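For reference, the chains in residue letters:
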Amino acid sequence: MLKEKKKLLFLKLFWGIFAAITLILFAIRLIKVFNGNENSIFMYIFLWFFLCTLIGFFYSLLMSCKKYEYDGHEIIVYAGFIKRYVMIDGDVKDEYSTWINYAPINLTCTLNDGSSVNVRISTTCRITLKVNGNLIKDIKKN
C-alpha cells in the first residue's frame, strides 16, 4: 500500500474514533443534564467538541490519493488536508498548500518525453488527470 494511502487511512480512522468518543461523552452529559445531576455548560462544551470533530471526520472522508501509470511512469496524485501534490516516479513535480480552497486547483508538470500532465483537484478533493489532453483512469489496485 502506498505511504500516502496509509496516511489517509490513519487520518480517517483517527477522526472517526475521535468523533465517536466525543459523541458518547456528549450523550452522557446530555443524560446527566436531563436528570438534573449536572450543569448544562458542560453539555455545550462537549457539543462544541463533537461538532468540531464531526467536521474533521467528514473532511477526512473527502481526502483522496490516486495512482496512475502512463508510458511506464508512475504518477501519484495526493489531495490531503493541507497539501496537494503530483509525484512522478517518486519526485514531487508540483505542489499546492492551503487550508481551505474555494476554487479547483490545477497542477501541471511535464514528463521526460515532453508530455504535458494536467491535474485538477476539485474543492471536494476529487482528482482528474489528463496527459496531453487525454483523460487517464486510475489504477484500482493498492
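Residues numbered from 1 in each chain as written. Predicted model: local features only at pLDDT ≥ 70, side-chain atom pairs only at ≥ 80, totals over all residues. Heavy atoms only, no water.

1. Remarks on the overall build of the chain
In terms of helices and strands, the chain carries two helices and eight strands. Ordered by position from N to C terminus, the α and β elements of the chain give α-α-β-β-β-β-β-β-β-β. Against the globule reference of 14 Å for 142 residues, the chain gives a C-alpha radius of gyration of 20 Å, more extended than a compact globule. Overall, the chain is about 70 × 30 × 20 Å in size when its C-alpha atoms are taken along their principal axes. The buried share of the chain, reckoned over its 142 residues, is 34%. Restricting to contacts in the chain with at least 6 residues of sequence separation, those with at least 24 account for 41%. (Helix = DSSP H or I, 4+ residues; strand = E, 2+ residues; numbered from the N terminus. Rg over C-alpha atoms; globule rule 2.2 N^0.38 Å. Buried < 20%, exposed > 50% of the residue type's maximum accessible area, 1.4 Å probe, protein only. Contact = heavy atoms within 4.5 Å.)

2. Some thoughts on the layout of surface pockets
Put simply, the largest pocket is a space of about 230 Å³. Top contributing element to the lining of the largest pocket by residue count: helix H2 (residues 41-62), with four residues. When the residues that make up the lining of the largest pocket are grouped by side-chain class, the tally is seven nonpolar, three polar and no charged. (1 Å grid on protein atoms, 1.4 Å probe; cavity = no way out; pocket = protein on both sides within 12 Å on 5 of 7 lines; lining within 4 Å. Points joined across faces, edges and corners; volume = space filled by probe spheres on them. Nonpolar A, V, L, I, M, F, W, Y, C, P; charged D, E, K, R; others polar.)

3. Some details on the environment of aspartate 113
Residue placement: aspartate 113 occurs in the loop between strand E5 (105-110) and strand E6 (116-121). Spatially, the C-alpha atoms of aspartate 113 and isoleucine 139 are 22 Å apart, while their sequence positions differ by 26 residues. Within the structure, aspartate 113 has its side chain in polar contact with the side chain of serine 115 (distance 3.0 Å). (Polar contact = N/O pair within 3.5 Å; in protein donor to acceptor, adjacent residues only side chain to side chain.)

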